[in-house]
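Structural overview for review
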Amino acid sequence: MFPTVKTGRKRRFYSQTPAIESTDVLPEGGHARRRFVLGASSALALTAMPFPRSLLAAAAPTDTKTISGNVFDLDIDYKQVNFTGRPRVATTVNQGLPGPTLRWKEGERVTLRVTNRLPHLSSIHWHGAILPEDMDGVPGVSFAGIPAGETFEYQFDVVQNGTYWYHSHSGFQEQTGLYGAIIIDPKEPDPVLYDREYVVMLSDWTDEEPENLYAKLKKASHYYNFNERTAGDLWQDVKEKGVVQAWKDRAMWNRMRMSQTDLADVTGYTYTFLMNGVTPDEGWTGIFQPGEKVRLRFINAAAMTLFDVRIPGLKMTVVAADGQNVRPVPVDEFRVAVAETYDVIVEPVEEAAFTVFAQASDRSGYARGTLTSDPGLEAAVPAMDPRPLLGHEDMGMGADHGGHDMAEMDDMAVDHSQHVTAEQPMDHSQHVMNEQLMDHSQHMMNEPQFDHSQHGGADRAIDHSQHGTTSSLGKAGFGSNFGAGNEIYHRESEFGPGVDMRADSPQNGLHDPGLGLRDHDRLYGRRVLTYADLRNLYPTIDRREPSREIQLHLTGNMNRYMWSINGIPFADAQPLELEFGERVRVVLVNDTMMAHPIHLHGMWSELETGDPDYIPRKHTIIVQPGSTISYLVTADAMGRWAYHCHLLYHMPGMMREVRVSRGGQS
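Here goes a summary of the coordinates provided.

Rules behind the numbers
Numbers given for residues are sequential positions, taken from 1 along each chain in its written order. Local features are withheld for residues below a pLDDT of 70 in this predicted model, meaning they are given only at 70 or higher, and side-chain atom pairs are given and counted only at 80 or more; totals for whole chains, interfaces and linings count all residues. Based on all heavy atoms of the structure, the side-chain values leave hydrogens and waters out of the count. Strand pairing is assigned whenever DSSP detects at least two bridges linking the two strands. Counting from the N terminus, the helices are the DSSP runs of H or I reaching at least four residues and the strands are the DSSP runs of E reaching at least two. Between N-to-C directions, angles span 0 to 180 degrees; the directions come from axes that are lines fitted to C-alpha atoms, helices contributing only their stretch in contact. A side-chain nitrogen of Lys or Arg and a carboxyl oxygen of Asp or Glu constitute a salt bridge if their distance falls within 4 Å. Burial classes follow relative accessibility: with a 1.4 Å probe on protein chains only, a residue under 20% of its type's maximum area counts as buried, one over 50% as exposed, and anything between as partly exposed. The arc refers to the directions leading from the helix axis to the C-beta atoms. Two residues form a contact once any of their heavy atoms are found within 4.5 Å. Put simply, two rings from Phe, Tyr or Trp (the six-membered ring, in Trp's case) pair if the centres are within 6.5 Å, and we call them stacked under 30 degrees between planes, edge-to-face over 60, tilted for the rest. For a ring to carry a charge above it, either NZ of a lysine or CZ of an arginine must fall within 6 Å of the ring centroid while also lying within 35 degrees of the normal to the ring plane. Here a polar contact is recorded for every N or O atom pair within 3.5 Å, except that within protein the pair must consist of a potential hydrogen donor and a potential acceptor, and residues adjacent in sequence are included only if both atoms are side-chain atoms. In this description, a nonpolar core means a group of buried Ala, Val, Leu, Ile, Met, Phe, Trp, Tyr and Cys residues linked to one another through side-chain atoms lying within 4.5 Å.

This paragraph deals with the sheet that holds strand β8 (residues 125-127). Spatially, β3-β6-β11-β10-β8 is the arrangement adopted by the 5 strands of the open sheet, whose pairing is mixed. Single-partner strands in this sheet number two, and they are β3 (66-68) and β8. The average angle at which neighbouring strand axes cross in this sheet is 25 degrees, direction not considered. Sheet topology places β3 next to strand β6 (residues 101-105); 3 bridges connect them, and they run parallel. Note that in β6 the partner of Ser68 across the bridge is Arg103.

The following block contains the structure:
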């Protein structure tokens, strides 16, 4: 999928003959899949009381192998699996789905010899690991990939600890099973005390070939949405809002060619949701002794699914986010976006069984497991929460639009008259278009408002560092998440067939637990984690103020299933340039109605949650629909790095290369 480039670095390959021929031609079975998922979910949800595991015919705990040390031999290969009653071929590491859990030690050097036994290119990316550029494992960006039949040797120092994971960065191999967990033990005593631990890896499996699935989305983005609004829903709206308002609302959605029920691109219609590679029918099992502190390391390794996690009957204390220790936060529920990780502590005090319940954010299915003191005992499986609907705030319209006449919004109308079109000659005489960043140095100081009307298109990050002084930027740790620097503007490149929506009044995503979770405290008494709860356990390392601010817009056309940044897909985009050592703020504006988990390779994304002394560090940050969020980046890793939405079928377009150099020299 991604272009292949020469990195100029010596690759470490060993010739080897592929072990098998290609077998990844899979038949389809969408309708049978849907019956399977809903049938399994319904049967379990109807069970109100704990029950013996023997009632589940195929119930059997599955353990993922853990391997530790300094040298690892990993084989990428095919394996036949059967999650739905139909055999299919998965892509695996050491014949495991998930692959083996890798256990490293902070401060040590690891060597990972990865052999590709597939008949085509493959790769492994060590998600969240801080390492040299050529060890990051992204074909076309940081290395050339691992050709068929060859072995690539990754080798680097382990400079962090915590919970991470690995996955393929080639094509759609991640969807077919190429992923596994990484646990890095700290070199100093662990501040998190626990008696027992489990990795809980969540994922989504489809019997379809990912390429076919993607093709269907390109032809009909709502292909997997079986919850479109009906005449009955319209009648309910009429009863609640009156005929006029209900009709205007419906007309608005129709004009935008959007649906309030468009919660996920790919759903339980085709997906079976797995917990540690185990279906909901079987259920993964973890054992505890009453009184123990159990550490659960949640990893979302799904291709497209965000999960809402809870354990009815047990309070969870969040102790780490994306591998980094945070101040403990007691919660009842949390959303884990694709690629994120959360470590929680639970403390069951008596002989009992508890369901680890991870429902898809669109409520089309769930993964589940059991924490139990008795392997023969299961817990009741809760019903899924009601399916939410998208609203005005998810369109970046602001939260309070009750008095607005939505029918007059005219398809998110924006006055384009002041934007320079691609055909018009752009007068940049007063602008210094140096490399990738717009330099506003010729703007008059102290002007009350900045006129961006003459800014041309192109994929340029907007640099605010020259607007007055850096003191005009929001303070480190607060940034645009707390009202500073909230000027939102759209580039000329965001006006075209590839963009169907622009958020002109985006909400702040810091306090938003996510669509479908916003009222859970009021409705169910469940406290839900938000990013605003996160504080790093240790003091902020880089305490400098940002020298500039880069505003990037996550854009797309949902109807055409086109995704981009600033209206420009990856294939047409220029790299984002960072100067080695600089401290920069990134402001992400989500101009779409989908949540996007954005992952920066090689460097931390320091989320500004309001405490500059304890800024939490993450590798993946979710940007809620129609929302904005800001974080700081210290450009301390030279080289070329991938930067993208981690929803697998968004990645081809919503991706950038970030280049860190000294004066443009790498």
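We now examine the pattern of salt bridges. Taken as a whole and judged by the stated rule, the model has 34 salt bridges. Among the salt bridges present, the one from Asp343 reaches Arg297, with a minimum N-O distance of 3.4 Å. A residue pair is termed long-range when its members are at least 10 positions apart, and Asp343 in strand β20 (residues 341-346) and Arg297 in strand β15 (residues 294-300) qualify at 46 residues. The partner of Asp385 in a salt bridge is Arg310, and the shortest N-O contact between them spans 3.7 Å. Placement of Asp385 in the loop between β23 (377-378) and β24 (437-438) and of Arg310 in strand β16 (residues 307-310) is noted, with a sequence separation of 75 residues between them. What makes Asp385 buried here is its relative accessible area of 7%. Judged by its relative accessible area of 7%, Arg310 falls in the buried class. Shared partners join several salt bridges into a network, and the residues in it are Arg103, Asp185, Asp190, Glu197, Arg295, Arg297 and Asp343.

Another aspect to go through is helix α2 (residues 210-219). Where α2 is concerned, the buried positions are Pro210, Leu213, Lys216 and Leu217. The arc that holds the buried residues of α2, viewed along the axis, is 120 degrees, so those residues lie on one side. Turning to α2, the residues buried within the fold contact β12 (196-206).

On the basis of which strands lie adjacent, the open sheet formed by 5 strands has the order β14-β22-β21-β16-β19 and mixed pairing. A strand with exactly one partner marks an edge of an open sheet, and here the two such strands are β14 (284-287) and β19 (334-336). Shown here is a sheet whose adjacent strand axes are inclined to one another by a mean of 25 degrees, direction ignored. Both β16 and β19 contribute to a ladder of 3 bridges, which runs antiparallel. By the bridge assignment, Val309 is partnered in β19 with Phe334.

Centre-to-centre distance and the angle between the planes together describe a pair of aromatic rings. For the coordinates displayed, the defined rule picks out 23 aromatic pairs. Among the aromatic residues, ring-to-ring pairing joins Trp104, Trp126, Phe143, Phe152, Tyr154, Phe156 and Tyr166 into one connected group. Cation over ring: Arg662 sits above Phe580, and NZ or CZ is 4.3 Å from the ring centre.

Before going further, it helps to spend a moment on the environment of Ile598. Considering the arrangement of structural elements, one finds Ile598 in strand β31 (residues 596-600). For Ile598, a relative accessible area of 4% corresponds to the buried category. Along the primary structure Ile598 and Ala337 are separated by 261 residues, whereas in three dimensions their C-alpha atoms are 9.7 Å apart. When residues no more than four places from it in sequence are discounted, the contact partners of Ile598 are Leu554, Leu588, His619, Thr620, Ile621, Val623, Tyr631, Tyr643, His644, Cys645 and Met654.

A few words now on the pairing of strand β9 (residues 151-157). When you tally the buried positions in β9, you get 5 out of 7 residues, the bulk of the element. Alignment of strand β7 (residues 109-116) against β9, held across 7 bridges, turns out to be antiparallel. Within the sheet, the bridge partner assigned to Arg109 lies in β9 and is Asp157.

So, on to the side chain of Arg310. Engagement of the side chain of Arg310 in a polar contact is seen with the backbone oxygen of Ala383, the distance being 3.4 Å. Here Arg310 is in contact with Met316, Asp332, Glu333, Thr355, Val356, Phe357, Gln359, Pro382, Ala383, Asp385 and Arg526, once residues within four sequence places are set aside.

Next up on the list: the nonpolar core. One finds Trp104, Trp126 and Tyr154 to be the most contacted residues of the largest nonpolar core, which totals 142 residues. Here this core takes 6 residues from β12, the largest share from any one element.

Let us now look at unusual backbone geometry. Look at the link from Leu97 to Pro98: it is a cis peptide, with omega at 0 degrees. Along the chain, the position of Pro98 falls in the loop between β5 (88-93) and β6. The backbone phi angle of Gln95 is positive, close to 65 degrees, even though this residue is not glycine. With respect to the element layout, Gln95 can be found in the loop between β5 and β6. The phi dihedral of Ala339 is positive, around 85 degrees, even though this residue is not glycine. With respect to the helices and strands, Ala339 occurs in the loop between β19 and β20.

All we've got here are geometric facts, nothing functional implied.
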